[in-house]
Amino acid sequence: MKTRSRQDAIVRNLRRNGTSTIEVLASTVGASRSTIIRDIAALRDEGFLIQTEPGRGGGLSLDASSIQTTARLSVAEVFALIIGVSAMRAAGNLPFSRLADAGLSKIEKALPSDKIRDLRRLLECLYVGPLAPQVNTSNLADMAPDLLPAFETAFLKGFFLQFRYRDAKGVETERHVEPQAMLILPPLWYLVAWDPSREDFRHFRMDRIREPVCDEGHSFRRRIVPFDDGVRPIRIV
């Protein structure tokens, strides 16, 4: 279990059971005693008030008032929430959209200043528009789970992105591109990138991208991306 998932499991266990012990937590998440102790220290550093009850039979307890949900959200997670809501709105099937926007705004405002800066930079790369009626969506596949984290690093640090791409005919190629924007045309999502080998912009359907890797040895500059009419940048309240 990854560190973040393990620490979330510890918090959930303490909330549900009231108290627990290092041994019980270690058994629950499948980690060593020393790992749990490090996790507890890390959670305390984040602001969680985890108290230790001394003596035989003592254990750990969590002060519920110290739980800050937004403090546990990463930039990528908030960004994922925003693009999910934006995609549903663009598709015309998001009820209570004003409430959703208001909730996202509260989450954003609660983020630390460095995370807000990164989130704003990611939002500057996000666009949404209508999908042309003639586009075939019958072969839509799931997107790779490692795609958004790779995008976050590539866009924020200006790194080239390398990945395997399968086109509409099923032909696979290795691509090495400059990621410039993310485009949502519900239900399709695209990476818009400058392809140096073709000296032009290319649109890559995200569900056809596999094994994305940031090339930290090559950086790029932002370019002005030409979009069709009807495509607009994402805005939240």
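Residues numbered from 1 in each chain as written. Predicted model: local features only at pLDDT ≥ 70, side-chain atom pairs only at ≥ 80, totals over all residues. Heavy atoms only, no water.

Residue placement: Val 177 occurs in strand β6 (residues 172-185). As for Val 177 and Gln 162, which are separated by 15 residues in sequence, their C-alpha atoms are 6.5 Å apart. Sequence-distant contacts of Val 177, that is, excluding residues within four places in its chain, are made with Phe 160, Leu 161, Phe 163, Ala 193, Trp 194, Asp 195, Pro 196 and Phe 204. (Helix = DSSP H or I, 4+ residues; strand = E, 2+ residues; numbered from the N terminus. Contact = heavy atoms within 4.5 Å.)

Looking now at the nonpolar core. Core analysis: the largest hydrophobic core is formed by 37 residues, its most contacted members being Phe 151 and Leu 191. If we ignore the near neighbours within four places in the chain, the residues touching Phe 151 are Leu 161, Met 182, Leu 191, Met 206 and Ile 209. Core analysis: the next-biggest nonpolar cluster, separate from the first, contains 16 residues, Ile 22, Leu 43, Leu 60 and Leu 62 among them. (Core = buried A, V, L, I, M, F, W, Y, C linked by side-chain atoms within 4.5 Å. Buried < 20%, exposed > 50% of the residue type's maximum accessible area, 1.4 Å probe, protein only.)

This paragraph deals with the side chain of Arg 6. On the secondary structure map, Arg 6 appears in helix α1 (residues 3-17). Setting aside residues no more than four positions away along its own chain, Arg 6 makes contact with Met 1, Val 29, Ala 31, Thr 35 and Asp 39.

In total, this model carries nine salt bridges according to the counting rule given. Ionic pairing is found between Arg 202 and Asp 200, a salt bridge with its closest N-O pair at 3.5 Å. You can call Arg 202 partly exposed: its relative accessible area is 29%. Residues joined by salt bridges that share partners form a network here, namely Arg 164, Glu 172 and Glu 211. (Salt bridge = Lys/Arg side-chain N within 4 Å of Asp/Glu carboxyl O.)

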